[in-house]
Amino acid sequence: MKVGFIGAGKVGCSLGMLFHISKIDVVGFYSSTFASAEHIANVTETNAYRNIADLVEASDTIFVTVPDGQIALVWEEIKKLPIKGKNICHCSGSLSSDVFVDGEKLGASVFSIHPMCAVSNKIDSFIPMQSAYFTIEGSSKRQRSIQSLLKKTDLKYSIISKEQKALYHLSSVMVSNMVLCLFSIGTELLEESGFSSRHVVEALEPLFLGNVKNILRNGIKDSLTGPIERNDVSTVLKHLEALDNINTKDHRQDKYKELYKILSLKLVEIAKEKHPDRDYDKLTKELKK
């Protein structure tokens, strides 16, 4: 299988690097900025293409690794070319293969192939990709060829339907972007408690990383600690009172208090699984006020 990339951004370069070191036949890269394509082509000892048509002709499988908003625009150009028998893929987490409108009617197989990891740069993001799960969604006709491609790269993958793509993406956002939001709130509140802004991240790091390691090692239920797990109503009430006393003009305390209650009620559900003999009714009532 000969693989080509349209787009030499973070995802395209990282996936191209990963395929290259796995001895997949990467023919090369096209980018709207030729210098970008040329740079990653030099790194991977492949070709830099000055036009999409040449790359498509040279490839059996084409990865469209451009920003989500540009995938449909690139497709409008690709679908005018001889693509019968080729695999056309994108790596968007939120878009399904439906973005390649009429792709199967034109004789192509279309897929969305998404890595479940943060891709933060072009240089070394291929390293966490090696241990990430990928999802495959799209045409059933040549799906085995895509599975084979990922297997040759020793990548783990799961097959999902296009109807579940948004829900799948939401799950990823919950444990990445949303966690970032909670960490941001935590640093903000710690700073307001008297910590220097220079030290808040450093102070929270052991707690944050320790929690992640516990979840990975012991599972969600057995990693739960803290006042909710202990059924410590008085501490929870002190937390809510502390949020009431944040001195702001933008009603931030109300938003944080509501978020605290919503998340705590979810923790109560987990705590009940861990301690079915404990009565969490009083705590639940306080959180629902």
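Residues numbered from 1 in each chain as written. Predicted model: local features only at pLDDT ≥ 70, side-chain atom pairs only at ≥ 80, totals over all residues. Heavy atoms only, no water.

Caption draft 1: Looking closely at the pairing of strand β5 (residues 87-90). Side chains Asn 87 and Cys 89 of β5 all project onto a buried face; the interleaved residues Ile 88 and His 90 project onto the opposite face, where all are buried too. When strand β4 (residues 61-64) meets β5, the two strands line up parallel, connected through four bridges. Opposite Phe 63, over in β5, you have Cys 89 as the bridge partner. Taken together, the four bridges between β5 and strand β6 (residues 109-115) define a ladder with parallel strand orientation. Each bridged residue has a counterpart across the sheet, and for His 90 the counterpart in β6 is Ser 112. (Buried < 20%, exposed > 50% of the residue type's maximum accessible area, 1.4 Å probe, protein only. Helix = DSSP H or I, 4+ residues; strand = E, 2+ residues; numbered from the N terminus. Pairing = 2+ DSSP bridges.)

Caption draft 2: Local environment of the packing of helix α7 (residues 165-175) against helix α8 (residues 177-192). Contact geometry of α7 with α8 gives a least axis separation of 3 Å together with a crossing angle of 25°. If you check the angle between α7 and α8, you find them roughly parallel. Packed against α7, whose contacting residues are Val 173, Met 174 and Val 175, the element α8 presents Asn 177, Met 178 and Val 179 at the interface. A per-class count over the contact of α7 with α8 returns five nonpolar, one polar and no charged. (Axes fitted to C-alpha atoms, helices over the stretch in contact; angles between N-to-C directions. Parallel < 35°, antiparallel > 145°, perpendicular 65-115°, else oblique. Contact = heavy atoms within 4.5 Å. Nonpolar A, V, L, I, M, F, W, Y, C, P; charged D, E, K, R; others polar.)

Caption draft 3: Local environment of the nonpolar core. Ranked by internal contacts, the top residues of the largest apolar core, which has 27 residues, are Val 3, Phe 5, Leu 15, Phe 19, Phe 63, Ile 113 and Phe 134. Counting residues per element, the ones that place at least two in this core are β1 (2-6), α1 (10-21), β2 (25-30), α2 (34-44), β6, α5 (126-129), β7 (133-138) and α6 (143-152). In terms of residue count, α1 provides more of this core than any other element does, five residues in total. Other than its neighbours up to four places away in sequence, Phe 63 contacts Val 3, Gly 4, Phe 5, Ile 6, Leu 15, Phe 19, Cys 89, Cys 91, Ile 113 and Leu 149. Counting 20 residues, the second-largest nonpolar core is a separate cluster that includes Val 66, Val 74, Val 99 and Val 110. (Core = buried A, V, L, I, M, F, W, Y, C linked by side-chain atoms within 4.5 Å.)

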